[in-house]
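Geometric and topological summary
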Amino acid sequence: MSKPNVYITRSIPEQTIAELRKTCDVEVNPHDRALTREELMNAVKGRDAVITLLTDNVDAEILDAAGPQCKIVANYAVGFNNFNLDAATKRGVIMTNTPGVLDKATATHAWALLLAAAKRISESERYVREGKWKGWSPMTFIGQDVDGKTLGIAGLGRIGTMFARKAAAFDMKVIYTNEQRNLDFEKEYGATFVDKKTLLKESDFLSIHLPLTPETKYYIGAKELSQMKPSAILINAARGPLVNEKELVEALRNKVIWGAGLDVFEDEPKLAEGLDQLDNVVIVPHIASATLDTRLAMGKIVTDNVLAVLNGKAPITCINPEVLKK
C-alpha cells in the first residue's frame, strides 16, 4: 500500500519533515524562495496533503490543480489570509493553521521594535559601523522615553494581550481598542478601553495586533496618522496591509509622527518607495516568530494536523470547520 504524498512549499525545520517521513512520502520545495504561481500549481498536483506558507495564495485554481484526492492544506502560520476558505470548503478540503505557539515570540518582537525605534538603535548602530562616531555627545541620537508613557494597542487578541502585559515592566498606561471589551484584563492590568479616535490621539506608542480582513485593511493611513501625536511611534508586527505604507512613508518623511517599527509590509518583500531611505523607521524582514522553539512548535501542529486528517481524524486547528460536517 502506497504512502500518502505530502508536499511542503518551503523548507521548514528538519525535525518536522522527519516526523512526516515516518509515514508519508514527502517532497519539499528545493528553492530558498517562495514558489511562483505556476510552480505552485505544478507542485501540488496529485498530493494528499500540502503544507503552505503565507506567501502561497491558495485559491480555487490551486485547489483544482491539487485534485480531488487532496484532503488538507495546512498553513505553517497563524494567519490564513492567503486561503480561500469558501473554495476549500466547497471542495471538501480541510484547512488549518498554527495558532497560539507564535504569541509569545511575536509579542516580544513587537516590544523589540518599540524599544529599537524609541532608542534609535538601528540608526545609531549604522552610525557607529560607518565610522562616523567621534565620541560621546549629550545631544547625539536623542530618543523617546518609554517608562510611564501611554501604550495604545489596536486588537487585544492573544498576541495583543501578551504584548500589553509586558507594559507593566515599564509602568505604562495601557489603552486599547477591540471588538469587545475585556473587563478581566482591564481589572488585572489597569487597561482602559477606548474608541479608535482616542487611541490615536492619546497613544505615545501605538502597536497594531489586528487580523487582516477587508474591514481592517488600511486601519492606519494618512487620516489616522494625522490624528496621532507628532512624538508618537507606530509598531506593526501583525500584517502589512493594516497600514497604508505609502502614506506612512510620507508621514514619517514629514514628521507627522516621530517614528515606526515594522516587521511586515504591504507588498512583501517589496517596500514602499522611500521607506528604506528613512532613518526614523526600524524595518526588519518579517521575523517576529523566528525563534527555534516557535518554529518547532509550529511544525508539531502542522504535523499533527496533517497526520490526523490523513488517518481519517479531525485536525486540532481546523479553520473551515464546516468541511468536517460533510
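This text follows the structure it describes.
Think of each chain on its own: its residues are numbered from 1, step by step along the sequence as written. Per-residue local features of the predicted model are confined to residues with pLDDT of at least 70, and side-chain atom pairs are confined, for both listing and counting, to 80 or more; whole-chain, interface and lining totals are unaffected and use all residues. Derived side-chain values reflect all non-hydrogen atoms in the structure, with water molecules and hydrogen atoms excluded from consideration.

1. With respect to the sheet that holds strand 4 (residues 72-75)
The condition is simple: A pair of strands counts as paired when DSSP detects no fewer than two bridges linking them. Strands are runs of DSSP state E lasting at least two residues, helices are runs of H or I lasting at least four, and both sets are numbered from the N terminus onward. Under this scheme, a helix contributes an axis fitted over its contacting stretch, all axes are lines through C-alpha atoms, and angles between N-to-C directions fall in the 0 to 180 degree range. Contacts are assigned to residue pairs with any non-hydrogen atoms lying within 4.5 Å of each other.
Spatially, 2-1-3-4-5 is the arrangement adopted by the five strands of the open sheet, whose pairing is parallel. Every interior strand has two partners, whereas the edge strands, strand 2 (25-28) and strand 5 (94-96), have only one. Across this sheet, the average inter-strand angle for adjacent strands is 15°, counted without regard to direction. Across three bridges, strand 4 lies against strand 5 in parallel orientation. Across the sheet, residue Ala74 finds its bridge partner in strand 5, namely Thr96. Helix 1 (residues 14-21) contacts strand 1 (5-8), strand 2 and strand 3 (49-52) of the sheet and is inclined by roughly 150° relative to strand 2. Those strands touched by helix 12 (residues 292-310) are strand 1, strand 3, strand 4 and strand 5, and its axis lies near 170° from that of strand 4.

2. Some thoughts on the layout of surface pockets
For the record, the criterion: A pocket here means an open set of points on a 1 Å grid, computed over the protein atoms alone, that has protein on both sides within 12 Å along at least five of seven lines. A cavity is instead a set of points where a 1.4 Å probe fits but cannot get out; residues with an atom within 4 Å of a point line either one. Grid points are joined across faces, edges and corners, and a volume is the space filled by probe spheres set on the points. Ten residue types, Ala, Val, Leu, Ile, Met, Phe, Trp, Tyr, Cys and Pro, are classed as nonpolar, four, Asp, Glu, Lys and Arg, as charged, and the remainder, Gly among them, as polar.
In this structure, the second largest pocket spans a volume of roughly 220 Å³. Taken together, 16 residues make up the lining of the second largest pocket; nearest its centre are Arg120, Glu123, Trp258, Asp279 and Asn280. Its residues assigned to classes, the lining of the second largest pocket shows nine nonpolar, three polar and four charged.

3. Re the side chain of Asn97
Rule in force here: For each residue, the accessible area found with a 1.4 Å probe, counting protein chains only, is set against the maximum for its type, and the residue is called buried under 20%, exposed over 50%, and partly exposed in between. Any N or O atom pair separated by 3.5 Å or less is treated as a polar contact, with the protein-specific requirement of one donor-capable and one acceptor-capable atom, and with residues adjacent in sequence counted only for side-chain atom pairs.
Its place among the elements puts Asn97 in the loop between strand 5 and helix 5 (103-118). Judged by relative accessible area, which is 6%, Asn97 ranks as buried. Among the polar contacts listed, one links the side chain of Asn97 to the backbone oxygen of Val78, at a separation of 2.8 Å. The contact partners of Asn97, leaving out residues within four places of it in the chain, are Asn75, Ala77, Val78, Gly79, Phe80, Ile301, Asn305, Thr317 and Ile319.

4. Points about the environment of Thr213
Summarising the element assignment, Thr213 is placed in the loop between strand 9 (205-208) and helix 10 (222-226). Note on Thr213: relative accessible area 27%, which makes it partly exposed. For the pair Thr213 and Gly157, spaced 56 residues apart in sequence, the C-alpha to C-alpha distance is 15 Å.

5. A closer look at the sheet that holds strand 12 (residues 281-283)
Hydrogen bonds along the backbone pair up the strands of a sheet, which may run parallel or antiparallel. In space, the seven strands of this open sheet follow the order 8-7-6-9-10-11-12, with parallel pairing throughout. Only two strands of the sheet have a single neighbouring strand rather than two, namely strand 8 (192-193) and strand 12. Of the pairings in the sheet, the one linking strand 10 (residues 233-236) to strand 11 (residues 259-262) comprises four bridges and is parallel in character. Each bridged residue has a counterpart across the sheet, and for Asn236 the counterpart in strand 11 is Leu262. In the packing of helix 7 (residues 158-165) onto the sheet, contacts are made with strand 6 (150-154), strand 7 (173-177) and strand 9, and the angle to strand 6 comes to roughly 170°.

6. Re the packing of helix 1 against helix 12
Rules: Roughly parallel here means an angle under 35 degrees, roughly antiparallel means over 145, roughly perpendicular means 65 to 115, and every remaining angle is called oblique. If you view the pair so one helix is near and one far, a crossing is left-handed when the near helix is turned anticlockwise from the far one by less than a right angle, and right-handed when it is turned clockwise.
Between helix 1 and helix 12, the least distance of the axes is 9 Å, while the angle of their chain directions is 20°. With respect to helix 12, the axis of helix 1 lies roughly parallel. The handedness of the crossing between helix 1 and helix 12 comes out as right-handed. Of the residues in helix 12, those touching helix 1 at Gln15, Thr16, Glu19 and Leu20 are Leu296, Gly299, Lys300, Thr303, Val306 and Leu307. Along the lines of polarity and charge, the residues of the contact of helix 1 with helix 12 split into four nonpolar, four polar and two charged.

It is worth stressing that arrangement in space is one thing and function is another; only the former is reported here.
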